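# Close look at the chain arrangement
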Number of protein chains: 2
Amino acid sequence: MSASLDNIRVVLVNTSHPGNIGATARAMKIMDLKRLYLVAPKLFPHEKAEWRAVGAADLLDSAVVVDSLDAAIADCGVVVGASARQRRIPWPLQDARSAAASMVEAATAGNQVAVVFGREDSGLSNEELHQCHFHLTIPTSEQYSALNLAAAVQVVAYEILMATHQQQSRGEQKWDVTLANADDLERLLAHYEQVMIGLDFYDPTTPKQLMTRLRRLFMRSRLDKMEINILRGMLGATEKMLNQRRP
Amino acid sequence: MSASLDNIRVVLVNTSHPGNIGATARAMKIMDLKRLYLVAPKLFPHEKAEWRAVGAADLLDSAVVVDSLDAAIADCGVVVGASARQRRIPWPLQDARSAAASMVEAATAGNQVAVVFGREDSGLSNEELHQCHFHLTIPTSEQYSALNLAAAVQVVAYEILMATHQQQSRGEQKWDVTLANADDLERLLAHYEQVMIGLDFYDPTTPKQLMTRLRRLFMRSRLDKMEINILRGMLGATEKMLNQRRP
C-alpha cells in the first residue's frame with residue numbers, strides 16, 4: 001500500500017448510530033485507509049460498531065475520539081468537507097474524484113489530510129464547512145440522493161485508493177514549502193480580524209460576511225507556511241505602526 | 001438522467017440475505033439505475049429488503065425474478081461479471097472505472113447491458129463467469145478486500161453514473177462574484193508592494209522572493225472581484241494611517 005494513505009484520516013462528526021461507525025471502518029480498511037477520528041460520537045465504543053466493522057475492528061481500536069472538529073484537524077494541511085448541497089456563500093467544490101486526487105497529492109507531499117463527514121441526518125454545519133479548504137460532493141441521482149454515511153465513505157475511500165494508483169503511475173508534483181495547518185490558518189484569520197479592527201476597516205458588530213470571505217479565500221488558496229509568515233509579518237508591521245500612533 | 005442508464009440492469013445471483021437486496025436497490029437508485037434482476041433469491045420479497053431499500057422500494061416492486069442467469073441476460077448485448085479474483089482461465093478483466101465506461105458506451109448505442117453480482121459468500125461460479133463478455137474488478141486493499149455486496153454495487157453504480165457524466169462537459173461551478181481580471185490582480189500586487197514598503201516590511205533592493213510568493217499565492221487563488229476589494233480596502237486603510245503618522 002501507498003505510504004501517502006497513512007497521511008489521510010477520515011473524520012466523522014457527531015455520528016448517531018454506532019453501526020455506521022463500524023461500517024465506515026470496514027469501508028476504509030477495504031481501501032487501505034486506517035486512521036479514523038470520531039468527533040463526539042453519540043455511542044462509542046459499542047457492540048454494534050464492532051459487529052458492522054467485521055474484519056476492521058482494529059480501526060475502531062485505534063480510532064481517535066475527540067470532542068471538537070478543531071481537535072481532529074488541528075495538524076492538517078488540507079481539510080475537505082463532504083457536503084450534499086450548495087451553501088449561501090459558495091465554497092470551492094470538487095467532485096469525489098478530483099477531491100481524491102487533490103487529497104492524495106497533498107498527502108504524498110507529506111501533509112496531513114482530513115476528509116470530514118457530518119451527521120447522518122443533517123451533515124456538517126455551516127461553521128464546520130467553513131473550516132474546510134474545499135468541499136467534496138458525490139454525484140448522485142437528482143431524484144434520489146439519500147446516500148448513507150458508510151456508502152459515502154465507501155465511494156470516497158475507493159476514489160482515494162484509485163487516485164493513489166493513478167499517482168504512482170504519474171509521478172508527483174513538488175511544492176517547495178510545507179502547507180500551513182488548520183491551527184496556523186486560524187491564527188492568521190484571528191490576526192487579520194484584530195488588525196482590521198485596529199484600522200477601523202472592520203466592525204465586528206456589523207460584520208457583513210467580511211471574515212467569511214477572507215476565510216474562504218485563504219482556505220481555497222491552501223496557504224503554505226511561508227505565505228502565512230509573509231501575511232502575518234505584514235500584519236505585525238501594521239500593528240506596530242498602530243501602536244506607535246496610539247501611545 | 002441519461003436515457004442510456006435505462007439500458008443497464010443489475011443482476012444479483014442467488015442472494016442469501018434479503019437485506020442485501022434492499023441495500024442494492026438503494027445503492028442503484030441513488031445512482032439513477034432502476035432495473036434490478038434477481039436470479040433465484042433465497043428470500044424475496046421480504047420485509048428486510050423493504051426496510052433496507054428505504055426510498056428505493058419501487059425498484060423492489062419492479063424487480064424481475066427469474067430462475068436462471070440465462071433468463072436474466074438473454075436479451076443483453078453486453079454482460080459483465082463482478083469478480084473478486086482472477087480465475088484459472090483468465091478472462092478479459094477491467095477495473096470498475098473502465099468497465100463502467102464500456103457499459104455506458106454500449107448502453108448509449110442502444111444495447112441492453114447487464115452487470116452481474118454473485119453470492120455473498122462465493123461470488124459467481126466459473127460457469128456463470130464464462131457467460132460474461134468480460135469481468136469487472138473493484139480495486140481494494142491487498143490485505144483486506146471483504147467488500148460486501150451492496151458496497152460493491154454502490155461503487156459500480158457510482159462509476160456508471162460518473163461515466164455518463166463524463167460524456168458531458170464538466171459542469172461549471174457557480175460562484176457568487178465575478179472573478180478578478182489580470183489588471184485587477186496587477187493593481188493589487190502593486191498596492192501590496194507600496195504598502196509593504198511604507199510599513200518597512202519589504203525592501204525592494206533586497207527582495208528575497210517576497211513579491212513572487214505573494215503573486216503565486218494570489219494567482220493560484222483565482223481571486224474574485226469582491227476579494228480584491230476587501231484586500232485593497234485593507235491596504236487603503238493602512239495607507240491612510242501611514243499618511244497620518246507622517247504629516
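Residues numbered from 1 in each chain as written. Chains lettered and ligands numbered in written order. Predicted model: local features only at pLDDT ≥ 70, side-chain atom pairs only at ≥ 80, totals over all residues. Heavy atoms only, no water.

## A look at the sheet that holds strand β7 (residues 134–137) of chain A
All names here are of chain A. Strand order in the open sheet formed by 7 strands is β3-β2-β1-β6-β4-β7-β5, with parallel pairing between adjacent strands. The two strands at the open ends of the sheet, each matched to only one other strand, are β3 (64–66) and β5 (93–95). Recorded for the sheet is a direction-independent mean angle of 25 degrees between the axes of neighbouring strands. Two strands pair when backbone bridges link them, and strand β1 (residues 8–13) and strand β2 (residues 35–39) are joined in this way by 5 bridges, in the parallel orientation. From the neighbouring strand, Arg9 faces β2, where its bridge partner is Arg35. Sitting on the sheet, helix α1 (residues 18–30) touches β1 and β2, and the angle it makes with β2 is about 155 degrees. Where helix α5 (residues 96–108) meets the sheet, its contacts fall on β1, β4 (78–82), β5, β6 (113–117) and β7, and the angle it forms with β5 comes to roughly 100 degrees. (Pairing = 2+ DSSP bridges. Helix = DSSP H or I, 4+ residues; strand = E, 2+ residues; numbered from the N terminus. Axes fitted to C-alpha atoms, helices over the stretch in contact; angles between N-to-C directions. Contact = heavy atoms within 4.5 Å.)

## Points about empty space enclosed by the protein
For the coordinates displayed, the defined rule picks out 3 cavities of 30 Å³ or more. Taken as a whole, the largest cavity holds about 90 Å³ of empty space. Every residue lining the largest cavity is listed: Tyr192, Leu231, Met234, Leu235 and Thr238 of chain A together with Tyr192, Leu231, Met234, Leu235 and Thr238 of chain B. Those elements giving two or more residues to the lining of the largest cavity turn out to be α10 (225–245) of chain A together with α10 (225–245) of chain B. (1 Å grid on protein atoms, 1.4 Å probe; cavity = no way out; pocket = protein on both sides within 12 Å on 5 of 7 lines; lining within 4 Å. Points joined across faces, edges and corners; volume = space filled by probe spheres on them.)

## Digging into the interface of chain A and chain B
Listed by partner, the interface residues are 69 residues for chain A and 65 residues for chain B. Between chain A and chain B lies a buried interface of about 5700 Å² when both sides are counted; carbon and sulfur atoms form 63% of it. Together, Arg97, Tyr144 and Met234 of chain A form the three largest contributors to the area buried by chain A at its contact with chain B, with a combined 13%. At the junction of chain A with chain B, the criterion picks out 8 salt bridges. In this structure, Arg97 of chain B engages Glu159 of chain A in a salt bridge whose closest nitrogen and oxygen atoms are separated by 2.6 Å. Every element with two or more residues in the side of chain A that touches chain B is listed here: α1, β5, α5, α7 (149–170), α8 (182–198), α9 (210–221) and α10 of chain A. It is α10 of chain A that provides the largest number of residues to the side of chain A that touches chain B, a total of 13 residues. In the side of chain A that touches chain B, the residues fall into 40 nonpolar, 14 polar and 15 charged. (Buried area = accessible area lost by both parts, 1.4 Å probe. Salt bridge = Lys/Arg side-chain N within 4 Å of Asp/Glu carboxyl O. Nonpolar A, V, L, I, M, F, W, Y, C, P; charged D, E, K, R; others polar.)

## Some words on α5 of chain A
Residue and element names in this part refer to chain A. Compared with an ideal rise of 1.5 Å per residue, which puts 13 residues at 18 Å, α5 spans 18 Å between its outermost C-alpha atoms and is within 8% of the ideal. For α5, the tally of buried residues reaches 10 of 13 residues, placing the bulk of the element in the interior. When α5 is considered as a whole, its buried residues turn out to be Ala96, Arg97, Ser98, Ala99, Ala100, Ser102, Met103, Val104, Ala106 and Ala107. Where α5 terminates, the next one or two residues include Gly110, which has phi positive at roughly 100 degrees. (Expected span 1.5 Å × (residues − 1). Buried < 20%, exposed > 50% of the residue type's maximum accessible area, 1.4 Å probe, protein only.)

## Examining the environment of Arg232 of chain B
Residue and element names in this part refer to chain B. Note on placement: Arg232 falls in helix α10. Exposure remark for Arg232: the relative accessible area of 28% places this residue in the partly exposed category. Sequence spacing of Arg232 and Leu189 is 43 residues, and the spatial spacing of their C-alpha atoms is 9.5 Å. Those residues in contact with Arg232 that sit more than four places away from it in its chain are Arg187, Leu188 and His191.

## Structural notes on the confidence of the model for chain A
Counting all residues, the mean pLDDT for chain A is 92, and 95% of those residues have values of 70 or more. Two numbers describe this predicted complex: its pTM, 0.84, and its ipTM, 0.80. (pLDDT = per-residue confidence, 0-100.)

## Observations concerning the domain arrangement of chain A
When the parts of a complex come together, some accessible area is lost, and that lost area is often taken as the interface size. All names here are of chain A. If you check the domain split of chain A, you get domain 1 (3–170) and domain 2 (182–245). The straight-line distance from the C-alpha centre of domain 1 to that of domain 2 is 29 Å. Taken together, the contact between domain 1 and domain 2 spans 16 residues of the former and 9 residues of the latter. Among the residues of domain 1 in contact with domain 2, Ile89, Trp91 and His133 are the three that bury the most area, contributing 41% of the side total. Across the domain 1-domain 2 interface, the total number found is 0 salt bridges. (Domains from an automatic or database assignment.)

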